[in-house]
Amino acid sequence: MPIGIFDSGYGGLTILKEIRKRMPQYDYLYLGDNARTPYGSRSFDIVYDFTLQAVKELFARGCHLVILACNTASAKALRSIQQNDLPMIDPSRRVLGVIRPTIEVLPSLSTSHHIGLLATPGTVASHSYRMELEKMAPGMAITELACPMWVPLVENNEANSPGADYFVKKYIDQLIEADPEIDTIVLGCTHYPILMPKIKEFAPAGIKVVAQGSLVAESLADYLRRHPEIECKCEKNHGMTFLTTESSEKFDSLASMFMDCPVESRRVTLPS
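(A) Main features of the pattern of salt bridges. Enumeration according to the criterion identifies 17 salt bridges in this entry. Put simply, Asp 165 and Lys 198 hold a salt bridge, and the shortest N to O gap is 2.6 Å. Placement of Asp 165 in helix α9 (residues 162-178) and of Lys 198 in helix α10 (residues 196-202) is noted, with a sequence separation of 33 residues between them. The partly exposed category is assigned to Asp 165, whose relative accessible area is 26%. Given a relative accessible area of 11%, Lys 198 falls into the buried group. One network of salt bridges, in which partners are shared, links Arg 22, Glu 218, Asp 222, Arg 225 and Arg 226.

(B) View of the layout of surface pockets. One number sums up the size of the largest pocket: a volume of about 680 Å³. Taken together, 33 residues form the lining of the largest pocket, with Leu 78, Gly 97, Ile 99, Arg 100 and Pro 101 sitting closest to its centre. Among the elements that take part in the lining of the largest pocket, helix α11 (residues 213-226) stands out by supplying eight residues, more than any other. For the lining of the largest pocket, the residue count by class is 16 nonpolar, eight polar and nine charged. Within this model, the second largest pocket holds a volume of roughly 290 Å³.

(C) Representation of the sheet that holds strand β10 (residues 265-267). Spatially, the six strands line up as an open sheet ordered β4-β3-β1-β2-β9-β10, and their pairing is parallel. One side of each edge strand has no neighbouring strand; the edge strands of this open sheet are β4 (94-96) and β10. Neighbouring strand axes in the sheet, compared pairwise and without regard to direction, differ in orientation by 20° on average. Relative to β10, strand β9 (residues 240-244) runs parallel, the two sharing three bridges. Across the sheet, Leu 243 pairs through a bridge with Arg 266, a residue of β10. Against the sheet, helix α1 (residues 12-22) touches β1 (3-7), β2 (28-32) and β9, its axis set at about 170° to β2. Packing of helix α4 (residues 78-89) onto the sheet brings it into contact with β3 (65-68) and β4, and relative to β4 it is tilted by some 170°.

Scoring rules and cut-offs
Residues numbered from 1 in each chain as written. Predicted model: local features only at pLDDT ≥ 70, side-chain atom pairs only at ≥ 80, totals over all residues. Heavy atoms only, no water. Salt bridge = Lys/Arg side-chain N within 4 Å of Asp/Glu carboxyl O. Helix = DSSP H or I, 4+ residues; strand = E, 2+ residues; numbered from the N terminus. Buried < 20%, exposed > 50% of the residue type's maximum accessible area, 1.4 Å probe, protein only. 1 Å grid on protein atoms, 1.4 Å probe; cavity = no way out; pocket = protein on both sides within 12 Å on 5 of 7 lines; lining within 4 Å. Points joined across faces, edges and corners; volume = space filled by probe spheres on them. Nonpolar A, V, L, I, M, F, W, Y, C, P; charged D, E, K, R; others polar. Pairing = 2+ DSSP bridges. Axes fitted to C-alpha atoms, helices over the stretch in contact; angles between N-to-C directions. Contact = heavy atoms within 4.5 Å.

If you want it as C-alpha cells, here you go:
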C-alpha cells in the first residue's frame, strides 16, 4: 500500500523528491494529471472534480494516504474531499495538502510579520494561504501575487533562459513594491523551486525564500509518527511508481529533470 502523491502535472515531483529524501523506506505512487494541466486557471468545481477522480484512482490502487502535492488542488478541493467525500468513500483513509504545513512554519521565519506569496492565479484567487494564516497567526500580513508565466517557463524547459530572468524579476519587483516590509517569500506552487536560483538572484538581500518540499516532508513524517494506524498500512520497499494521464514518453523526459534521476511512467485514464 504505497503513499499516494497527486499533482496536476510535474510540480508535485519536487514534493515527492523531498519526501523520499526524508523517508526513503516507504513506497510511493505518483499520479500526474498532465493531460489536463494546468489547474491554476480552472474553476473551483472543475479542480474539485479532477482532484476527486485522481484521489479515487490512487485509493483504487491501494493507497490509504494521499498527499495533494499541488497548491491549487489543496486550495480548491482538499477541504471538500476531507469533509464530504472521505466519510462516504472510506473514513479510514486520509487526504492531506501542502498549504497548512507551509503556513505552520511562517511565524518562526518572519521577523517583520510581513509575508509575500507567489503562486498560480487559482491559488491566489482562493485566498487559502491568507485564510490559514489568519487562523494560525492572525497578527501577520500576507501579500499575494499571481505568477502566470512561471509554470510555462518551467514546463517548457526555459527556467535558465533570458525570458525567465525577465518574468522572475518582474513578479518579485511587483511583490516588494506592494509591501516593502516583506521579509519572507513563500513559493506557493510546486513548480517554482525549479526557478529558485533566479528567484534568489532577484530577491532583495536578506529576504528568505521558502520552498515547500522539505516542510511537507517533515510534516508528513510527524503525521505518520502521530498516526500509527495509517503508518502501519504503508509498505516499505523503497519503491516509486509513476502514472500520468499524458504520453508516458513526454512525462518521463521532464519528470527526470524534476527528480534528478531516470523516470519510467505508465499512462492511465481517469474515470469521470
